[in-house]
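Notes for the structure review
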Amino acid sequence: MMIKTVRNIICRRLYDFLGRPVLLHDQTDPEAKPPMLYYQLVGPLIPLGGASIWQDGSTQYRLEPTEATISITAVSYDRDGRDGRIYGDDEALELAERAMSWMLHIGRRELLLDGIAVVEVGNVQCRSNLIIDEVARQYGLDVRVRFDRTTTIDIPIIVGGAITEI
């Protein structure tokens, strides 16, 4: 499994549970309506050693236990809603807490079934920042996961070759 697959599985499962978009943190596309989640791979490839290497025909495989750290941040803004004022700080904190709870309970089991082990779930922390004339209310956590990373390479096979002296 490659990190792109791991990322996609985590983002899809978070979206399925929370019902909110999970977007790349520094993307330039238009944002979704708040609240939303951002993700960022802060440690996308941490090899743990102990690789297994084997060959099948002309393809060589390398499987190595690998860790990755993904940052997940819930984002909201103060705004007027149908039922009155929505406080972005409360909304972002609640969404981050729900994401953390999912990682610690249901998500841990679901991800393990997908071949991803949740090694550590960090604390929810304030990550708010000023954006021009408003404050993006943000709370986030870091999650460390472990998976088996498999890579392949094509190796030409020499068939019927003869070694001759020069």
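Overview of the structure. (Residues numbered from 1 in each chain as written. Predicted model: local features only at pLDDT ≥ 70, side-chain atom pairs only at ≥ 80, totals over all residues. Heavy atoms only, no water.)

Relative to strand E2 (residues 36-47), strand E1 (residues 22-24) runs parallel, the two being bridged by three bridges. Across the sheet, the residue bridging to Leu24 is Tyr39, located in E2. Taken together, the nine bridges between E2 and strand E4 (residues 59-76) define a ladder with antiparallel strand orientation. When the sheet's bridge partners are listed, Tyr38 is paired in E4 with Thr73. (Pairing = 2+ DSSP bridges. Helix = DSSP H or I, 4+ residues; strand = E, 2+ residues; numbered from the N terminus.)

Attention now goes to the packing of helix H1 (residues 3-18) against helix H2 (residues 88-104). Close contact between H1 and H2 brings their axes to 11 Å; oriented N to C, the two are set at 115°. Here the hand of the crossing between H1 and H2 comes out right-handed. Of H2, the residues touching H1 (which contributes Ile10, Arg13, Leu14, Phe17 and Leu18) are Leu95, Arg98, Ala99, Trp102 and Met103. When its residues are assigned to classes, the contact of H1 with H2 shows eight nonpolar, no polar and two charged. (Axes fitted to C-alpha atoms, helices over the stretch in contact; angles between N-to-C directions. Left-handed = near helix turned anticlockwise from the far one by under 90°. Contact = heavy atoms within 4.5 Å. Nonpolar A, V, L, I, M, F, W, Y, C, P; charged D, E, K, R; others polar.)

What the rule picks out here adds up to 10 salt bridges. A salt bridge links Asp78 to Arg137; its shortest N-O distance comes to 4.0 Å. Separated by 59 residues along the polypeptide, Asp78 in the loop between E4 and strand E5 (79-81) and Arg137 in strand E10 (residues 134-154) bring together distant segments of the chain. A salt bridge links Arg79 to Glu91; the shortest N-O distance between them is 2.9 Å. Here Arg79 is found in strand E5, whereas its partner Glu91 is found in helix H2, with 12 residues between them in sequence. Glu91 shares its class with Arg79; the two are buried. (Salt bridge = Lys/Arg side-chain N within 4 Å of Asp/Glu carboxyl O. Buried < 20%, exposed > 50% of the residue type's maximum accessible area, 1.4 Å probe, protein only.)

So yeah, pure geometry; function would need other evidence.
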